[in-house]
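Survey of secondary and tertiary structure
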Amino acid sequence: MKLRRTMLYVPGNNSGMVKDAHIYRSDSIMFDLEDSVSLREKDSARLLVFNALKTLYYGEIEKVVRVNTLDGPFGREDVLAMVAAGVDAIRLPKTETVDDIVQVEKVVVEAEKRFGRVPGSTKLMAAIESAKGILNAREIALASPRLVAIAIGAEDYVTDLHTTRSPEGTEIFVARSLLVMAARAAGIMAIDTVYADVNNEDGFSREVRLAKQLGFDGKSVIHPLQIPIVNAIYTPTKTEVEKSLRIIAAIREAEERGSGVISVDGRMVDKPIVERALRNLELARASGIEINEEVRS
Amino acid sequence: MSRNALGRELPGQVNGFGTLVPFAGAWENTPLVRREKGSRTLPRLTKVVGSIEEAVRKVGLENGMTISFHHHLREGDFVVNMVLDVLARMGFRDLVLAPSSLTTCHAPMIGHIRNGLIRRISTSGIRGALADAISGGLMDIPVLIHSHGGRARAVETGEISIDVAFLGVPSSDVYGNANGFSGPSACGSMGYAVVDARHSKKTILLTDFLGEYPNTPVSIHQDWVDHVVVVDKIGDPAGIAKGATRMTRDPRELLIARTAADVIGASGYMEQGFSLQTGSGGASVAVTRFLRDMMLERGITASFALGGITSQIVKMHEEGLIKRLLDVQSFDLEAVRSLGTNRYHTEIDASLYANPLNKGCVVNKLNVVILSAMEIDTDFNVNVITGSDGVIRGASGGHSDTAIGSGLSIIVAPLIRGRTPTVIDKVTTVITPGETVDVLVTDQGIAVNPRRPEVRDRLKAARLPVYDINELRERAEQATGKPAPVRFGDKIVGIVEYRDGTILDVIRQATAMGGEEE
């Protein structure tokens, strides 16, 4: 299972940050060619990220690029260049309709063919940043088999709603939940919005806990110092890991004996509990917790 | 038969005693004991003289002699420049300068080298404009670079024979009892100065704070001191010590620090009663933060922390996590305060710290040390003295002393600085031999010296990102390309001495500074 607990946001025009982004071992890196790059730097940022993707060592880290929208002068070139460089996923900003996905997919298909990439290897992600987009989230999430995650961009969204962001996140609560439901219905991941106040570790922790509780798979982060905080919150506790191991062991044993219903610690274990246990173990393994590899799913 | 000064009859010879030397008068054979009686303010009970010039005349300094200074006043030091200006005015020439180290504030020395006051220099480090000029070929005789332990050895054996030590002290009494933790220019431990005071032929103290006699606790004792000069200021407090060493917020330094702490935690060396030394660099200080969490979690305390002491180490001492502090150099005002108040925060001198030829220095009892590097090569040799352009800009310090003394020496450095790789084929200058370096921690992974397979296995078992050091070099080059070799002139501008007195390397004239001289 590919984890996407943390997606580190890196301005595509900052060579120092582009060069170093991978050292912080986020699950994904999102190089931005869109809002953080000024008009006069659009082409140089594209060139910089292109060469970084071609040259630097990223290991297991997923390489994502946020491109400019296709209705402007840069989006198409962005997609072509990034697919040519071997990006793992194109992230589309300001997604509002199924057609937005269809259009970007067309360019991706063209680029894969033109640059000799394996057809279908380039994944897509969509950021939803408006009321219209949220209300279309269910259809958007199903718009392409390449789509692996949808994300909420809260700053644009609250502006669209005619409100501002509060520490409690009341104004984006519904949008967050709708986004998670749309993602789950489509069998893809849901990524939470960025938290801008880098120095407020407590506020950030609270927000990550909330997002996790709502069902998000991870969070976009804007500073490397936010990465260990997210990982810590998404890392299962020792008790959770032990319980998950007992569940998997019990299910193995039941399968061998051919019996259907099993119970662990006096509670019935059914399919969702098994899935949760498997996911906990995967998270634990990714967080460096020692696990008996025999129970690996 | 003869009579002594008191008229007592003495035989010329006594069996078992040979010839007897007759008493000649109470003051005759102890010239430093003054004849005139008086109250505590009279001259016979004070070594204070009116000026540096007067002190210099009284100690009989001559052309060609060796003079020394210490570097406890760091970037705030006024003493070196002040004394050299006086010596230049007095017309001295060809002096040998043997400070424990030099910093960027010593740039005015360039003029004194040009006009012939200074003929040769030995030091742990040089920085700034002075280092640039020396790298460019300013001096006829190369500078000798030594480690802190190596210098203490050389001073004790007489290899560096100090004729006059000029020691700036934050406080002294009129009789020469000095310490570093009181007075307006407090710098904490006087560990490097103590060696000079003990072994120089003459010692002159310069202070801006006269304390009441006896100025205890004493670092430099009255019985080592010839004269005391009171000056306006021995230094700029802002350059001597910061309030508390700041904890870095740089995510890369924090990443390296966290990884280094993980390495210590998994290495097998973090056991009850272990000992440690960290430097004052960003990543090094941050290691203590992560180490602290780990020690609390595992219920482990350290027996002692050595070396440059920082506020973070003091905090752990006061929390009971580190039982004793052995302090050769106090890095911030928190450490200065602690040295003055904490019973088990003990000042040690540079010889006790790291002299390899005394009967046992403290680095030998060190378990874990965190060190920095400008460059490290695939044989684990470390350079902390010359930049990648070949120009001198650092200090040997206690690097090689603690690397060999400790059970686990850990180098922390980013894999790439700016656009220059840190891990390379051959370092520009060797300060610490690779055979004494155990682990390299970078922001892109860890490398373990092949001579420590058991450490490598433990780190791998803990799932830490361990690579072959060649892999790290290749990864750096993948991003930066292979750097073109640095070009040097033929002239040798520096000699690098190992702590035992043998020669590790030479530093050649840097063409980057080639236009500097002549």
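Just so it is clear, the model here is predicted, and its values are computed rather than measured. (Residues numbered from 1 in each chain as written. Chains lettered and ligands numbered in written order. Predicted model: local features only at pLDDT ≥ 70, side-chain atom pairs only at ≥ 80, totals over all residues.)

This part is about helix α10 (residues 226-234) of chain A. Residues and elements named next belong to chain A. Residues of α10 that are buried include every one of Gln-226, Ile-227, Val-230, Asn-231 and Tyr-234, and no others. One face of α10 carries all of its buried residues, which in axial projection span an arc of 130°. Those residues of α10 hidden inside the fold are in contact with β1 (6-11), α9 (201-214), β8 (218-221) and α12 (271-286). (Buried ≥ 20, exposed ≤ 12 C-beta atoms within 10 Å, placed from the backbone. Helix = DSSP H or I, 4+ residues; strand = E, 2+ residues; numbered from the N terminus. Arc of directions from axis to C-beta. Contact = placed C-beta atoms within 7 Å.)

Turning to the environment of Leu-6 of chain B, a few remarks are in order. All names here are of chain B. The topology assignment puts Leu-6 in the loop between β1 (2-3) and β2 (9-10). Leu-6 gets classed as exposed once you count the C-beta atoms within 10 Å, which come to 10. Residues Leu-6 and Ala-350 lie 344 residues apart in sequence; the distance between their C-alpha atoms is 47 Å.

With that out of the way, let us pick up the interface of chain B and chain A. Each partner contributes residues to the interface: chain B has ten residues there, and chain A has eleven residues. When residues of the side of chain B that touches chain A are traced back to their parent elements, those giving at least two are α8 (251-267) and α15 (469-480) of chain B. Element by element, the count of residues in the side of chain B that touches chain A is highest for α8 of chain B, at four residues. Of the residues assigned to the side of chain B that touches chain A, the class counts are four nonpolar, two polar and four charged. (Nonpolar A, V, L, I, M, F, W, Y, C, P; charged D, E, K, R; others polar.)

The subject of this paragraph is the nonpolar core. By size, the foremost hydrophobic cluster in this structure holds 237 residues, and its most contacted members are Ile-90, Ile-150 and Leu-179 of chain A together with Ala-260, Ile-410 and Ile-411 of chain B. Broken down by element, the residue count for this core peaks at eight residues, all from α8 of chain B. The residues touching Leu-179 of chain A, leaving out its near neighbours within four places in the chain, are Ile-128, Ile-134, Ala-137, Ile-150, Ile-152 and Ala-190 of chain A. (Core = buried A, V, L, I, M, F, W, Y, C linked by C-beta atoms within 7 Å.)

What follows covers unusual backbone geometry. For the peptide bond that leads from Tyr-213 of chain B to Pro-214 of chain B, omega is -5°, which places it in the cis range. With respect to the helices and strands, the residue Pro-214 of chain B is situated in the loop between β14 (202-207) and β15 (227-230). Residue Pro-217 of chain B follows Thr-216 of chain B across a cis peptide bond; omega there is -10°. Along the polypeptide, Pro-217 of chain B turns up in the loop between β14 and β15. Even without glycine at this site, Arg-25 of chain A takes up a positive phi of about 55°. On the secondary structure map, Arg-25 of chain A appears in the loop between α1 (15-20) and β2 (28-32). Backbone geometry at Lys-94 of chain A places phi at a positive 50°, although glycine is not the residue there.

What follows deals with the domain arrangement of chain A. Note: interface size is frequently given as the accessible area lost on complex formation between the parts. We note that the domain assignment places domain 1 (6-234) and domain 2 (238-295) within chain A. The gap between the C-alpha centroids of domain 1 of chain A and domain 2 of chain A is 32 Å. (Domains from an automatic or database assignment.)

Turning to the packing of helix α2 (residues 42-55) of chain A against helix α3 (residues 75-85) of chain A, a few remarks are in order. All names here are of chain A. Here α2 crosses α3 at 15°, and the two axes come no closer than 9 Å. The angle between α2 and α3 falls in the class roughly parallel. The way α2 lies across α3 gives a crossing that is right-handed. Facing α2, whose interface residues are Arg-46, Phe-50, Leu-53 and Lys-54, α3 presents Glu-77, Asp-78, Ala-81 and Ala-85. (Axes fitted to C-alpha atoms, helices over the stretch in contact; angles between N-to-C directions. Parallel < 35°, antiparallel > 145°, perpendicular 65-115°, else oblique. Left-handed = near helix turned anticlockwise from the far one by under 90°.)

Bringing the pairing of strand β5 (residues 123-128) of chain A into the picture now. All names here are of chain A. Counting buried positions along β5 gives six out of six residues, so the element sits mostly inside the fold. Here β5 shows two buried faces, one formed by Lys-123, Met-125 and Ala-127 and the other by Leu-124, Ala-126 and Ile-128. Pairing geometry for strand β4 (residues 89-92) and β5, over four bridges, is parallel. Bridged to Arg-91 within β5 is Met-125. Tracing the backbone out of β4, into helix α4 (residues 98-114) and back to the parallel element β5 gives a crossover that is right-handed. Sheet topology places β5 next to strand β6 (residues 147-152); five bridges connect them, and they run parallel. (Pairing = 2+ DSSP bridges. Right-handed = clockwise from strand over helix to strand, strands pointing away.)

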